[in-house]
Amino acid sequence: KPSFRKCGAGRRSSTHISACAVKKNKMRKLFDRIEGLLDVISATLVAICLAAVSIQVVMRYVFGNATTWSDTVAACALAWMTFLAAAAAVRRDENLVVRFLWAKLGSTSRKCIATLCHLVVLLFSLVLSYSGVMLMSITRTAQVEGLSFDITWAQFYSVSVISGVLMVLFSLEHIASLWLGEAHQ
């Protein structure tokens, strides 16, 4: 008879443990896909930024006619790439990798320090998400200038909420894996 208790709660039957393993595996696969998507989007945004800056240089210095949209596109692409790549770095645990004394510490010390680092990232991510929501509400009607289509600053700032929420989820994943004995460090 399958157990319907939450994963990690109370006694663990073999059916309960295997059901929890399936849930964790599905979550890990979903996060792996999101991380891959973040990488692809970030790489695409780098290419867009490079193309916009290149077009601006050629138009300004070769043809003497600067574009009105390329600076805005380059700045937006760079900002979005930075936030999305930061979320991917949190997932890979590459955001706070200053671990020059890591090998000299015991496993309990490493676990506690890693947890503290993930809690700091979690707190930062929550503040980032909240600030992004507040900024979006303030700028919901302000239009980004220099583009031939309508986009509000709130839409531009939505990346801080998107990346903040992803960083929260990824930080929680790391903390859970540390304390449930599945740390992949």
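Residues numbered from 1 in each chain as written. Predicted model: local features only at pLDDT ≥ 70, side-chain atom pairs only at ≥ 80, totals over all residues. Heavy atoms only, no water.

*Asks:* How would you summarise the overall build of the protein chain if you had to cite specific residues and measurements?
*Replies:* Within the protein chain, the secondary structure is distributed over four helices and zero strands. Burial statistics for the protein chain: of 185 residues in total, 31% are counted as buried. Within the protein chain, counting contacts between residues at least 6 apart in sequence, those at least 24 apart form 64% of the total. With the model as given, the accessible surface of the protein chain reaches about 11,800 Å², and the carbon-plus-sulfur share is 68%. (Helix = DSSP H or I, 4+ residues; strand = E, 2+ residues; numbered from the N terminus. Buried < 20%, exposed > 50% of the residue type's maximum accessible area, 1.4 Å probe, protein only. Contact = heavy atoms within 4.5 Å. Areas by Shrake-Rupley, 256 points an atom, 1.4 Å probe, with all protein chains shown as cover.)

*Asks:* Outline the layout of surface pockets, supporting the account with residue identities and numerical values.
*Replies:* Empty space within the largest pocket amounts to approximately 260 Å³. If you go around the largest pocket, you meet 11 residues; those closest to its centre are K24, M27, L172, E173 and A176. For the lining of the largest pocket, the secondary-structure elements that each account for two or more residues are helix 1 (14-62) and helix 4 (153-179). Here the residues of the lining of the largest pocket are counted per class, giving six nonpolar, one polar and four charged. For the second largest pocket, the full set of lining residues is L45, I48, T72, V73, C76, A77, W80, L147, F149, I151, Q155 and F156. Counting only elements with at least two residues in the lining of the second largest pocket, the list comes to helix 1, helix 2 (70-91) and helix 4. Tallying contributions element by element places helix 2 first for the lining of the second largest pocket, with five residues. Along the lines of polarity and charge, the residues of the lining of the second largest pocket split into 10 nonpolar, two polar and no charged. (1 Å grid on protein atoms, 1.4 Å probe; cavity = no way out; pocket = protein on both sides within 12 Å on 5 of 7 lines; lining within 4 Å. Points joined across faces, edges and corners; volume = space filled by probe spheres on them. Nonpolar A, V, L, I, M, F, W, Y, C, P; charged D, E, K, R; others polar.)

*Asks:* Could you give me a rundown of the nonpolar core, with the residues and numbers involved?
*Replies:* Counting 18 residues, the largest nonpolar core has L38 and F170 as the members making the most contacts within it. Elements with a minimum of two residues in this core: helix 1, helix 2, helix 3 (107-138) and helix 4. Broken down by element, the residue count for this core peaks at seven residues, all from helix 2. Sequence-distant contacts of L38, defined by excluding residues within four places in its chain, comprise L84, A87, A88, L166 and F170. (Core = buried A, V, L, I, M, F, W, Y, C linked by side-chain atoms within 4.5 Å.)

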